[in-house]
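Survey of secondary and tertiary structure
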Amino acid sequence: MKKDRKILDVVTIGFALFSMFFGAGNVIFPPYLGLQSGRQWLGGFFAYYFADVLLALLALFALLREGSAERVMDRIGKKAAVFLMTVIILCIGPMLAIPRTAATTYEMGISPLLPGVSSVLFSVLFFAIILALSIRESAVIDLIGKVLTPALLLGLAALIVVGIVRPLGSISGTVLVDSVVVTGVQAGYQTMDVLAALVFGAVLIKSAADKGYESQGGKMKVLAGAAGLAGALLLLVYLGLSYLGATVSGIYTAEISRADLVIAIVQSLLGKPGLVIFALVVALACVTTAVALVSSAADHFSTICRDKVSYKAFVVIICVFSAVVSNLGLDTIVSIAAPILNVVYPPVLVLVIVSLAAPHMPNSICICAIGGALVTSVLTTLDSYGLSMPWLRYLPLSSVDMGWVLPAALCGFAGFIYRLPWLERSEESEEE
């Protein structure tokens, strides 16, 4: 009986994790990558899967190993860790990802079918639903895993199966990009799912505890199983969507937008009813992601306030704020938040790598490595916004937006050679 219950819990949490990662942005990246890659679409797909899903799962396992995202970040000091986690929550939450779910649903699901619907009215209705689904914190995972995810998977399966049985065209021998691997990595990197994994982890750990898994070993087993299931589901879905894009590589060029490509594929495969199915898929993907993000953000802020402001109050605040921001439009939201995310992502990834590969590394070395990644990411972001620094392009991996790797490694090594006294004192005080 216990074994059956554990399997059910793994499936429920795994389905929920799949939906959390599978936001609407993840619907449009794989088909476009398939279009660009042509006959090399499998290579592009595996590069995308590595940069998106596998790195996100590594972040999740780092969190599970330490017990919380805050403990992963405690290497930089408790106050700095709280600050960094708050920045991540703001970026992945109400500043970007949560409003983007509403804007994406409106622009890709509602507007093509009902062009006269007001975006303001839609945002109010959308976040009223999110509020209702998120207000009961303990019910979030079960709701997503048992109800919303199966419906989402059915819609995606219908689209993919029809596309495999009746492919729209033959896969082109022409590759539209210089390197499908580089393009795939860049597409995966842009999803920022590593940050999302740190946000979602708190909800997953709490859900496992609510189901009776109190010990660290018990939580690790059920959540590791859930992560494996989510990774397998994402593999199948992304593989299918990439293939759909490859089948139209001889029909469309890279001039078509990602959203228009997906809409064209859906309409060609399933006709007008297909657009309705796609609208439901987008809505479900956005709702599940928004519910997870609102719940995680509200939990974080209520914890910081030591419950002086309740979880439910923060749910209301986040939903109202996100509704307002969502009316800026999808492109505006992304353009505002992109430079912030570009700066935050590399230091967080360094923390994840250290937590998994070298958990006993002295904090002083880790801080130096993070400093190297942070400085490089700031300079790279400034370069991309007009402050020209061409030498950055000579850094290894700069072509896939990972030019920070070598500076981080060199700074970490320098921190090992020259152990800075103030960092050592800081490390000792943190342990006390």
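Residues numbered from 1 in each chain as written. Predicted model: local features only at pLDDT ≥ 70, side-chain atom pairs only at ≥ 80, totals over all residues. Heavy atoms only, no water.

1. Remarks on the overall build of the chain
- Looking only at helices and strands, the chain has 17 helices and 0 strands in total.
- Its C-alpha atoms give the chain a radius of gyration of 22 Å, near enough to 22 Å, the size a compact globule of 432 residues would have.
- Sorting the 432 residues of the chain into buried and exposed places 53% on the buried side.
- Across the chain, the fraction of contacts at a sequence separation of at least 24, relative to all contacts at a separation of at least 6, is 82%.
- For the chain, the computed accessible surface area is about 18,700 Å², with 68% contributed by carbon and sulfur atoms. (Helix = DSSP H or I, 4+ residues; strand = E, 2+ residues; numbered from the N terminus. Rg over C-alpha atoms; globule rule 2.2 N^0.38 Å. Buried < 20%, exposed > 50% of the residue type's maximum accessible area, 1.4 Å probe, protein only. Contact = heavy atoms within 4.5 Å. Areas by Shrake-Rupley, 256 points an atom, 1.4 Å probe, with all protein chains shown as cover.)

2. A word on the packing of helix α15 (residues 363-384) against helix α16 (residues 405-417)
- Running from amino to carboxyl end, α15 crosses α16 at an angle of 150°, the nearest separation of the two axes being 7 Å. Regarding the angle of α15 to α16, the classification is roughly antiparallel. When you trace α15 past α16, the crossing you get is right-handed. Between α15, through Ile365, Cys368, Ala369, Gly372, Ala373 and Thr376, and α16, the contact on the second element is made entirely by Pro407, Ala408, Cys411, Gly412, Gly415 and Phe416.
- Within the contact of α15 with α16, the residues separate by chemical class into 8 nonpolar, 4 polar and no charged. (Axes fitted to C-alpha atoms, helices over the stretch in contact; angles between N-to-C directions. Parallel < 35°, antiparallel > 145°, perpendicular 65-115°, else oblique. Left-handed = near helix turned anticlockwise from the far one by under 90°. Nonpolar A, V, L, I, M, F, W, Y, C, P; charged D, E, K, R; others polar.)

3. A short note on the packing of aromatic side chains
- This model, assessed by the stated rule, comprises 8 aromatic pairs.
- Each ring, one from Phe45 and one from Tyr49, has its centre 6.0 Å from the other, and the planes form 35°; the classification is tilted. With Phe45 and Tyr49 both in helix α3 (residues 41-66), this residue pair falls 4 residues apart, about one helical turn. Tyr49 carries the same exposure label as Phe45, and that label is buried.
- By way of ring pairs, the aromatic residues Tyr106, Phe122, Phe126 and Phe127 are connected into one cluster. (Phe/Tyr/Trp six-rings, centres within 6.5 Å; stacked < 30°, edge-to-face > 60°.)

4. Quick notes on the pattern of salt bridges
- Per the stated rule, a full pass over the model turns up 1 salt bridge.
- A salt bridge links Asp383 to Arg393, with the shortest nitrogen-to-oxygen separation between them at 3.2 Å. One end of the pair, Asp383, is in helix α15; the other, Arg393, is in the loop between α15 and α16, with 10 residues separating them in the sequence.
- Looking at Asp383, the relative accessible area reads 13%, which means it is buried.
- Residue Arg393 is classed as exposed on the basis of its relative accessible area of 52%. (Salt bridge = Lys/Arg side-chain N within 4 Å of Asp/Glu carboxyl O.)

5. Section: unusual backbone geometry
- Here Leu397, not a glycine, exhibits a phi torsion of approximately 70°, which is positive.
- Tracing the backbone through its elements, the reader meets Leu397 in the loop between α15 and α16.

6. Digging into the environment of Leu223
- Within the secondary structure, Leu223 sits in helix α11 (residues 216-247).
- Of the residues examined, Leu223 reaches a relative accessible area of 3% and is grouped as buried.
- For the pair Leu223 and Val11, spaced 212 residues apart in the sequence, the C-alpha separation amounts to 10.0 Å.
- If we skip the residues at most four places from it in the chain, Leu223 touches Ile13, Leu64, Leu204, Ile205 and Ala208.

7. A short note on the confidence of the model for the chain
- In the predicted model, the chain carries a mean pLDDT of 82, and 91% of its residues have values of at least 70.
- Of all secondary-structure elements in the chain, the lowest mean pLDDT belongs to helix α17 (residues 421-431), at 50, while helix α13 (residues 311-326) reaches the highest, 92.
- Ignoring residues within four places in sequence, the model shows residues 428-432, a span with pLDDT below 50, making 2 contacts including any to other chains. (pLDDT = per-residue confidence, 0-100.)

8. Here's the deal with the nonpolar core
- Phe18, Phe21, Phe22, Ile88, Ile92, Phe126 and Ile130 are the most contacted members of the largest nonpolar core, which has 133 residues in total.
- With 22 residues, helix α12 (residues 258-304) is the single largest residue contributor to this core.
- Leaving out residues up to four positions away in the same chain, Phe126 has contacts with Thr101, Ala102, Thr105, Cys286, Val287 and Ala290. (Core = buried A, V, L, I, M, F, W, Y, C linked by side-chain atoms within 4.5 Å.)

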